[in-house]
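Residue-level structural notes
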Amino acid sequence: MSSGLAITSFMPSIVSSSLFSSRRANSGAEALSQSNPFVAAMNMDIAGGQVLNAAKGVSAIAKESNNVLAAGFTSAEESIKALTKSDKVLNGFGKVLNFTSNYINHLIALTGAVKVITADDKKEAAIRESLGLGTMFAAEAAAKRIIGMPVIKKVDGKRIAVAREGLYKSNPFMAKQASALKDYCATKTFFNKSLKFLPGMLKGIGFVCASIAGYKLGTAVANIIVDNDK
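Within any chain, residue numbers begin from 1 and follow the written order of that chain's sequence. It should be noted that, the model being predicted, local features are given only for residues of pLDDT at least 70 and side-chain atom pairs only at 80 or more, the latter also being counted only at that level, while totals for whole chains, interfaces and linings use all residues. Note that water and hydrogens are dropped before the side-chain values are worked out from all heavy atoms of the structure.

**A short note on the confidence of the model for the protein**
Close inspection of predicted coordinates is inappropriate in any region flagged by low pLDDT. Our working definition: Values of pLDDT, which run from 0 to 100, indicate the predictor's confidence residue by residue. Contacts between residues were defined by any pair of non-hydrogen atoms, one from each residue, lying within 4.5 Å.
In the predicted model, the protein carries a mean pLDDT of 84, and 84% of its residues have values of at least 70. Low pLDDT, under 50, characterises residues 67-73; the predicted model gives this stretch seven contacts beyond four residues in sequence or across chains.

Written out as structure tokens, the structure is:
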């Protein structure tokens, strides 16, 4: 895989994971201010897992680039591995974050369940969480198919990105515009930096926007149901 292809493949995951981690950390801080340490800790753990996923994507791109950046990432990874192996606390912490990074959506759903269990009004919380998360996951699934979000897998200990054909390509106009943007970014620079990353970045941002819109839609419907019930 060339460095350009690696950027195209991993950039959507890097961008979306970075944006999601910030929002999840804010949710953790909010839960802590509401005296719910369990949900706060789970949200912070998820945020850490999302940061780790972004870092793994950056590392994968760096390793495909035969330059000083790649050597720096490889050296840093080896140093971190050596440190975690020699320290039991760091080793355990690393294992938890690595597990979290592999099962983000499962833990988000579990966090929602814990929010319901610890809520004063469990019925209302159940309505809000089930609808909010349900529409969020549905919107994410639809966005992945529409924009062609690459699937990140681990094969023989190496992270690979499997291309997914976006449904937008079935529309001739959209396919033509996307192709033109990709060709433009492949040949242009900004402050002497290639713009090859831009199409992948836009995919990541689009995925995040779809996720947020899905959650807000579910929350809005939940508010109507709760208000009518009251």
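Moving on from the model shown.
**Some thoughts on a nonpolar patch on the surface**
Applicable threshold: Patch membership is restricted to residues that have no salt bridge and whose relative accessible area is over 30%. Joining uses 9 Å for like charges and 5 Å for the nonpolar side chains Val, Leu, Ile, Met, Phe, Trp and Tyr. The Shrake-Rupley method, run with a 1.4 Å probe, gives the accessible areas here. Residue values count only the displayed protein chains as cover. The term salt bridge refers to a pairing of a side-chain nitrogen on Lys or Arg with a carboxyl oxygen on Asp or Glu at a separation within 4 Å. Under the DSSP-based scheme used, a helix requires at least four consecutive residues in state H or I and a strand at least two consecutive residues in state E, with every element numbered from the N terminus. Note on classification: 1.4 Å probe, protein chains only; a residue is buried when its accessible area is under 20% of the maximum for its type, exposed when over 50%, partly exposed between these limits.
Taken together, L19, L181, L202 and I205 make up a surface patch of nonpolar side chains, about 290 Å² in accessible area. On the secondary structure map, L181 appears in helix α7 (residues 172-187). L181 gets classed as partly exposed once you look at its relative accessible area, which sits at 33%.

**Here we look at the environment of S21**
Residue position: S21 is located in helix α1 (residues 3-33). Taking the C-alpha atoms as reference, S21 lies 9.2 Å from N43; in sequence the two are 22 residues apart. When neighbours within four sequence positions are excluded, S21 is seen to be in contact with A47, Q50 and V51.

**Remarks on the environment of F207**
Checked against the element boundaries, F207 lands in helix α8 (residues 197-229). We classify F207 as buried; its relative accessible area is 6%. Once the C-alpha coordinates of F207 and A139 are considered, the two residues, 68 residues apart in sequence, prove to be 8.7 Å apart. Not counting residues up to four positions away in its chain, the partners in contact with F207 are S16, F20, E140, A143, K144, I147 and M149.

**Examining the packing of helix α2 (residues 37-63) against helix α5 (residues 104-118)**
Angle between the axes and distance between the axes: these two values describe a pair of packed helices. How we decide: Every angle, taken between N-to-C directions, lies between 0 and 180 degrees, and every axis is a line fitted to C-alpha atoms, over only the stretch in contact when it is a helix. Note on terminology: angles under 35 degrees are roughly parallel, angles over 145 are roughly antiparallel, angles of 65 to 115 are roughly perpendicular, and the others are oblique. By convention the crossing between two helices is left-handed if the near helix lies anticlockwise of the far one by an angle smaller than a right angle, and right-handed if it lies clockwise. Three classes are used, and their members are as follows: Ala, Val, Leu, Ile, Met, Phe, Trp, Tyr, Cys and Pro are nonpolar, Asp, Glu, Lys and Arg are charged, and the others, Gly among them, are polar.
As a packed pair, α2 and α5 sit with axes 9 Å apart at the nearest point and diverge in direction by 170 degrees. Viewed along their axes, α2 and α5 adopt a mutual orientation that is roughly antiparallel. Between α2 and α5 lies a crossing whose hand is left-handed. Of the residues in α5, those in contact with F38, V39, M42, N43, D45, I46, G49, Q50 and N53 of α2 are I104, L107, I108, L110, T111, V114, K115 and T118. Looking at side-chain class alone, the contact of α2 with α5 contains nine nonpolar, six polar and two charged residues.

**Topic: the packing of helix α6 (residues 122-147) against α8**
α8 packs onto α6 with a crossing angle of 150 degrees between their chain directions and a minimal axis gap of 7 Å. With respect to α8, the axis of α6 lies roughly antiparallel. For the pair α6 and α8, the sense of crossing is right-handed. Class assignment of the residues belonging to the contact of α6 with α8 gives a composition of 15 nonpolar, seven polar and eight charged.

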